[in-house]
Amino acid sequence: MLEVKGLSKIYPARRGSPAVTALDDVSFTLAANSAFGVVGESGSGKTTLTRCLIGLEKPSQGEMLFEGRDIARLSPADLREIRARIQIVFQDPYASLNPRMSAQDIIGEPLLIHHDRLQLTARARTDRVVELLERVGLGVRHLHRYPHEFSGGQRQRIGIARALAVKPQMLILDEPTSALDVSVQAQILNLLAELQDSLKLSYLFISHDLGVVRYICDRALLLLHGKVIEQGPVDQVFDHPQSDYARRLIAAIPDVDPSQSLHLAC
Amino acid sequence: MTTPSTAHPSRWQNWQRSLYRFRQSGLSIAGLAIVLVLLVIAVGGSWIVPFPEHISGGINTAARFKPPSSLYWFGTNELGQDVFTLVMAGARVSLIAGFGVVMIAAILGGLIGALAGYAGGWIDDVLMRLTDLMLTLPSLILAMAIAAALGAGLDNMVFAISMSWWPGFARLVRGEVIAKKEDLFVQAARALGASDSRILLRHVLPNVMSPIIIKMSLDMGFAILAVAALGFIGIGVKPPTPEWGSLLSLARGYLPDYWWTAIFPGLAIFFAVLGFNLLGDGLRDLFDPKARR
Amino acid sequence: MALLSIENLHLSIPSFEGEARILNGVDLSVERGEICGLVGETGCGKSLTGLSVSKLVPSPPARYDQGSIRFDGQDILALSENAMRALRGRRIGMIFQDPTTNLNPLFRIGEQMVDVALHSMGANRWSGSARREARERCIAMLERVGIQDAHNRLDDYPHQFSGGMRQRVLIAMALIGRPDLLIADEPTTALDVSVQAQILQLLFDIVREDKIAVLLITHNLGVVARLCTHVAVMYAGRIIERGTMADVFNQPSHPYTKALLAAVPTQKTRKGTLQGLGGSVPDPYLPHAGCRFAPRCAWAEARCGEAVPTEADLGNGHRVACIKAGGTA
């Protein structure tokens, strides 16, 4: 579905600051109907990777082939078409929804933007929005509410509904649960798993939370300073990491397991 | 920590909550009251005043310089005109002029600022240098020059003042647009493939309206003051149309003996400026409760 | 008597919607040498509990209707603002979530730290010798929290430090008055996992060496498992289960604690099998009877709605407020 080959992004030197290599020869393949995790700490290049994939940044080198076509070399018209097929769910559901738009306007916006291809009447758009609300566990009663009237989990459901509106084949999930409470995170993760199954979606799951990636993803890669440190099936990456960095990172994750208590260590 | 919201307040409740917040401050209510009274006078002034003929220049030489009395509440001037009538009638000119100035300045400045902030790059540079240039010219002098070139009169005066007024709005809107442009929901719209005009009109501008409205309210007072200042130096509205600044200017020659001819137009200007400022502060509290304290 | 003991604390804040009952009878105690984790969902009142201990909840409008907070025998709620100021920074230290917003970007780290140190020493700000001594203390404390070359870094501005380093500086500032109690509100939430692990280790070492008491407010159960000796689970303004970390995590007895623990994906969790917790946190404006968790509880019965359950002692200080776990209504 998505094949990234030798992707690099170098921000050129500016006055006072040297050139920064945000991505260094990153390659991976996302198979259809699978979930691929990208794990890294801040400054690892996760965000740059996302921005390249949705066309907000131009990579310095390499290819991003979506069904054989390189995203970076598309005409603006083709890029718009690709944007309908790769959608993104953002990290912070408090900031990613326009506070002055109702749930209907937010979820319906992609339908309007891609109106030239979808050709939905106003009535059909509303029906589709309601269908999407129900799909993500909300309902028609939420149609005219504004973001501040929703809880964090509900907002993220709206963000997911917006991403699903134009029937994409692939979702980029940019830390979709890191701003949520664990109880809500579990619901959202299950919703994502269920949607992937029923809609045959592919996920690119960006996260710093290894537990979440392991739960949702089939394969994963680990980024450090823009370089791929580990890559493979999640079991292999997390249980038998090859690099020291991966081992240290995995050891640093606090598990909900009393036996790893610091108090027991002494 | 965030306090949990109650189970889905309706829009009506939100509106009530805003009103509750607004009412918390007695001063904003006072500002609103002053502004409402001014509006009523501006609209209905010519019907409720005791001597409507004085508005269109009628004079009564028999009753020159009468002090305030039950007949002439604010006394009479050197032409025997009722000062109360003139002050009431002046409200219309002041409000129309002030509103005109603020609207033109907000729309022109808003468009320039939004374009500069959203486009960035050389467009931003050119537009903002132009704005800076306008800001460096003393506004009253600029207005005087324009008024002198175009001639006196209400519409020329409004145009003249607006030309020196828009840079303030341009700067405000540019700053707000630049801040909002980086917001995640704007990036989300961009990732969906939304066009620039859609992003600007649907996502950025609606979220920068509050500060613009607040500034418009605050500026109304100062615009009225600027109108009065131009009237005072004699390049504003032409007599006999009553205008607070020109009333004050004419009365200047008769101080201190006939103080009422000056004091009442002066008080009118004072209350109008005060009213719009208090209202603007109240609106700021309403739109942004965090700014309080 | 415990160093910090909170008994039956009730806090309400009036607003347009009515009275928000934020705390509804919090019972909690922390001894020296203990690290007590206070966990719960957003809006359960855990942050306001922490702020109450250092009396930082603006009151009015907030009101403490019942209950007490005792710190080393003193009744915190009865203390004057002046007396509180003497406690804060000297005997009670605080660390907050976001290390970027709690340092003034315009002043050097040293200036900000020396001010805190002088306050904690109760010394004259203008005395040169006191300033020199305060500076020495700052350097020693920065070294202790793992900042190398502390002598020179004291003259750096906050932006010259990374996020993890800034959090270390804030911990150093909180510790410089040698407090007996440290209140840490989500101290590692904004940090990367590897930095988080270092900060947790640092807090652990400090507690072990100085025998201070820590109240750690967090929503991250993994952090609690790694660092805390004790844990208190909060729901809708009450502690519903508390005890040693091992007891609570190994034998969670309140349905809410069980649900929280089941919501965290672990190694063994298979896709689609994670247990979410339906419903949402109860509305603090609505009056209630009985157990506040009952509407979301899978095991709730009719009698759960009748009265607020009292705490039952399961032994070893493990207490749970649920009638089905032995509590009485």
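This is a predicted model, so every value here is computed, not measured. Here the residue numbers are simple positions, counted from 1 along each chain's written sequence. Labels are handed out in written order, letters beginning with A for the chains and numbers beginning with 1 for the ligands. In keeping with the predicted nature of the model, local features appear solely for residues at pLDDT of at least 70, side-chain atom pairs appear and are counted solely at 80 or more, and the whole-chain, interface and lining totals rest on all residues.

A. Spatial organisation of the overall build of chain A. Secondary structure elements follow DSSP: runs of H or I of four or more residues count as helices, runs of E of two or more count as strands, with numbering from the N terminus. When helices and strands are tallied, chain A shows eleven helices and ten strands. Here the C-alpha atoms of chain A give a radius of gyration of 19 Å, agreeing with the 18 Å that 2.2 N^0.38 yields for 266 residues. Taking the principal axes of its C-alpha atoms as reference, chain A extends roughly 60 × 45 × 40 Å. The buried share of chain A, taken over its 266 residues, is 47%. Considering only contacts within chain A whose residues lie at least 6 apart along the sequence, 66% involve residues at least 24 apart. What the globule rule says is 2.2 Å times the number of residues to the power 0.38, and the radius of gyration is computed from C-alpha atoms. Around each residue's C-beta, the other C-beta atoms within 10 Å are counted; 20 or more make the residue buried, 12 or fewer make it exposed, and counts in between make it partly exposed. All C-beta atoms are placed from the backbone. Note on contacts: residues are paired as contacts if their backbone-placed C-beta atoms lie within 7 Å.

B. View of the sheet that holds strand 5 (residues 69-70) of chain A. All names here are of chain A. At least two DSSP bridges between two strands are needed for those strands to be called paired. Spatially, 2-1-4-5 is the arrangement adopted by the four strands of the open sheet, whose pairing is antiparallel. Only two strands of the sheet have a single neighbouring strand rather than two, namely strand 2 (20-30) and strand 5. With axes taken as lines fitted to C-alpha atoms, and helix axes fitted only over the stretch in contact, angles between N-to-C directions fall between 0 and 180 degrees. The sheet contacts of helix 1 (residues 46-53) involve strand 1 (2-11), strand 2 and strand 4 (61-66), and relative to strand 2 the element is tilted by about 65°.

C. Looking closely at the interface of chain A and chain C. Listed per partner, the contact involves 31 residues of chain A and 37 residues of chain C. Of all the secondary-structure elements, those providing two or more residues to the side of chain A that touches chain C are helix 7 (182-199), helix 8 (210-216), helix 10 (244-252) and helix 11 (262-265) of chain A. It is helix 7 of chain A that provides the largest number of residues to the side of chain A that touches chain C, a total of eight residues. Residues belonging to the side of chain A that touches chain C are distributed by class as follows: 14 nonpolar, eleven polar and six charged. In the scheme used here, Gly and all other residues not listed as nonpolar or charged are polar, with Ala, Val, Leu, Ile, Met, Phe, Trp, Tyr, Cys and Pro taken as nonpolar and Asp, Glu, Lys and Arg as charged.

D. Region of the structure containing the packing of helix 3 (residues 83-119) of chain B against helix 4 (residues 121-136) of chain B. Residues and elements named next belong to chain B. Packing of helix 3 against helix 4 leaves a shortest axis separation of 7 Å and a crossing angle of 145°. At the point where helix 3 passes helix 4, the crossing takes the left-handed sense. On helix 4, the residues touching Ile112, Leu115, Ala116, Gly117 and Ala119 of helix 3 are Gly121, Ile123, Asp124, Leu127, Met128 and Thr131. Partitioning the contact of helix 3 with helix 4 into residue classes produces seven nonpolar, three polar and one charged. In a left-handed crossing the near helix is turned counterclockwise from the far helix by less than a right angle, and in a right-handed crossing that turn is clockwise.

E. Focus on the environment of His219(C). With respect to the secondary-structure elements, His219(C) resides in the loop between strand 8 (213-218) and helix 8 (221-227). Spatially, the C-alpha atom of His219(C) lies 34 Å from that of Asp149(C), the residues being 70 residues apart in sequence. Ignoring sequence-local partners within four residues, the contact set of His219(C) consists of Asp181(A), Val182(A), Val39(C) and Glu41(C).

F. Inspection of the packing of helix 6 (residues 163-175) of chain C against helix 7 (residues 193-210) of chain C at higher detail. Residues and elements named next belong to chain C. At a minimum axis distance of 10 Å, the contact between helix 6 and helix 7 shows a crossing angle of 15°. Classified by the interaxial angle, the pair formed by helix 6 and helix 7 is roughly parallel. As helix 6 runs across helix 7, the sense of the crossing is right-handed. When helix 6 is examined against helix 7, the residues Gly163, Gly164, Gln167, Ile171 and Leu175 are found in contact with a partner set consisting of Val195, Gln198, Ile199, Leu202 and Ile206. To sort the angles, those under 35 degrees are grouped as roughly parallel, those over 145 as roughly antiparallel, those from 65 to 115 as roughly perpendicular, and the leftovers as oblique.

G. Local environment of the environment of Leu221(C). Mapped onto the fold, Leu221(C) is located in helix 8. If we skip the residues at most four places from it in the chain, Leu221(C) touches Val182(A), Val256(A), Val39(C), Leu260(C), Leu261(C) and Val264(C).

H. Quick peek at the pairing of strand 9 (residues 230-235) of chain C. Residues and elements named next belong to chain C. Within strand 9, six of the six residues are buried, which leaves the element mostly enclosed by the surrounding structure. Of the two faces of strand 9, the one holding His230, Ala232 and Met234 and the one holding Val231, Val233 and Tyr235 are both buried throughout. In this sheet, strand 9 lies alongside strand 3 (residues 35-39) in parallel orientation, the contact comprising four bridges. Each bridged residue has a counterpart across the sheet, and for Gly37 the counterpart in strand 9 is Val231. Where strand 9 meets strand 10 (residues 238-244), six bridges bridge the pair, whose relative direction is antiparallel.

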